[in-house]
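Close look at the chain arrangement
One letter stands for each residue in the lines below.
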Amino acid sequence: MHIRRIVTGHDRKGNAVFVSDAAAPCTSEFEHVPGFVTSLLWETPPNATVPAGEGDPAVSAKSWTPPPGGTNLMFITFPPDAVMMTPDFDPAAAGGEYMRVLHGLAEKFEMDHPGMHTSDSVDYGVLIDGELHLELDNGVTKKLAPCDVVVQNGTRHAWRNKSDKPATMLFVLVGAKRS
């Protein structure tokens, strides 16, 4: 999937301008999990101000999970779960790739429960294409169809693609403090 990111800003006189119009700069197609594609599109710090500062916050982002009050915008394409069930799938290589690419998020995944993770954030997720199942820590699942919206309130969960086609979600993560 080609993601075009258009960014606006201000010129020196304070007028609205297009700052950029290009492919998303932080997109990774995973080698060890064929069909898994991630794209970090934007990040805002806590107490963000406008006009935004110089530079590209997606490129300079240190983590895929924002600190309290910060936000991250991302697309994630999940391959069918069957990809991870093939005889040539190497979980250690896949885990290493997650750690290299998904800083701050990969560390949240549980080794003993593949896919399960918890982050200190409120996540808004919109299924753009395909079919996914959201699994909670008690094993209960909900099947999602395109245009379904999930508000994930810092709960332990996993995304399951039980179909034979990729599924793409748009996520906005809002960093929160865990009480």
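The structure under discussion appears in the preceding block.
Conventions adopted
- Residues numbered from 1 in each chain as written.
- Predicted model: local features only at pLDDT ≥ 70, side-chain atom pairs only at ≥ 80, totals over all residues.
- Heavy atoms only, no water.
- Helix = DSSP H or I, 4+ residues; strand = E, 2+ residues; numbered from the N terminus.
- Rg over C-alpha atoms; globule rule 2.2 N^0.38 Å.
- Buried < 20%, exposed > 50% of the residue type's maximum accessible area, 1.4 Å probe, protein only.
- Contact = heavy atoms within 4.5 Å.
- Areas by Shrake-Rupley, 256 points an atom, 1.4 Å probe, with all protein chains shown as cover.
- Lys, Arg positive; Asp, Glu negative; His and termini not counted.
- Charge placed at Lys NZ, Arg CZ, Asp CG, Glu CD.
- Pairing = 2+ DSSP bridges.
- Axes fitted to C-alpha atoms, helices over the stretch in contact; angles between N-to-C directions.
- Core = buried A, V, L, I, M, F, W, Y, C linked by side-chain atoms within 4.5 Å.
- Patch = residues over 30% accessible without salt bridge, like charges linked within 9 Å, V, L, I, M, F, W, Y side chains within 5 Å.
- Salt bridge = Lys/Arg side-chain N within 4 Å of Asp/Glu carboxyl O.
- Phe/Tyr/Trp six-rings, centres within 6.5 Å; stacked < 30°, edge-to-face > 60°.

Helix and strand counts for the chain stand at two helices and eleven strands. When the helices and strands of the chain are listed from N to C terminus, the series reads β-β-β-β-α-β-α-β-β-β-β-β-β. The C-alpha atoms of the chain give 17 Å as radius of gyration, which agrees with the globular expectation for 179 residues (16 Å, within 12%). Each principal axis of the C-alpha atoms in the chain carries an extent, and together these give about 60 × 40 × 30 Å. Across the 179 residues of the chain, 38% fall into the buried class. Within the chain, contacts between residues at least 6 apart in sequence are counted, and of these 65% link residues at least 24 apart. Only carbon and sulfur atoms are counted for the fraction: they give 57% of the accessible area of the chain, which is about 10,600 Å². One finds the centroid of the 15 positive side-chain charges in the chain at a distance of 6 Å from the centroid of its 22 negative side-chain charges.

In spatial order, the strands read β3-β4-β5-β11-β6-β9; together these six strands make up an open sheet with antiparallel pairing. Lying at the two open borders of the sheet, with one neighbouring strand each, are β3 (26–29) and β9 (149–153). Direction aside, neighbouring strands of the sheet carry axes that sit 15 degrees apart on average. The pairing of strand β6 (residues 121–129) with β9 spans five bridges and is antiparallel. Bridge assignment links Tyr124 to a residue of β9, and that residue is Val151.

As a further point, take the nonpolar core. Ranked by size, the top nonpolar core spans 28 residues in total, and within it Phe78, Leu102, Trp159 and Phe171 carry the most contacts. Of all the secondary-structure elements, those providing two or more residues to this core are β5 (71–78), α2 (91–101), β7 (132–136) and β11 (167–175). With four residues, the single largest contributor to this core is β11.

With that settled, the discussion passes to a nonpolar patch on the surface. On the surface, Tyr124, Val149 and Val151 cluster together to form a nonpolar patch covering roughly 280 Å² of accessible area. Following the sequence through the fold, Val149 ends up in strand β9. We classify Val149 as exposed; its relative accessible area is 57%.

The next thing to look at is unusual backbone geometry. In this model, Val50 is joined to Pro51 through a cis peptide bond whose omega is 0 degrees. Within the element layout of this structure, Pro51 appears in the loop between β4 (37–44) and α1 (57–60). Positive phi values are uncommon outside glycine, yet Asn47 reaches one of about 55 degrees. By secondary structure assignment, the location of Asn47 is in the loop between β4 and α1. Residue Asn47 is classed as exposed on the basis of its relative accessible area of 73%.

Our focus in this paragraph is the sheet that holds strand β10 (residues 157–160). Taken in spatial order, the three strands of this open sheet run β8-β7-β10, and their pairing is antiparallel. Because the sheet does not close on itself, it has two edges, and the strands there are β8 (141–144) and β10. Along the sheet, successive strands turn relative to each other by an average axial angle of 20 degrees, direction set aside. Bridge count for β7 against β10 is four bridges, and the pairing is antiparallel. Within the sheet, the bridge partner assigned to Leu134 lies in β10 and is Trp159.

The next subject is the packing of aromatic side chains. The final tally for this structure, using the stated rule, is seven aromatic pairs. Between Trp159 and Phe171, the ring centres sit 5.7 Å apart and the planes meet at 65 degrees, which makes this aromatic pair edge-to-face. Residue Trp159 is located in strand β10, and its partner Phe171 is located in strand β11; the two are separated by twelve residues in the primary sequence. The two residues Trp159 and Phe171 agree in class, both being buried. Taken together, the aromatic side chains of Phe30, Phe36, Phe78, Tyr98, Phe109, Trp159 and Phe171 make up a single cluster linked through ring pairs.

Honestly, that's just the spatial picture; any functional story needs more than this.
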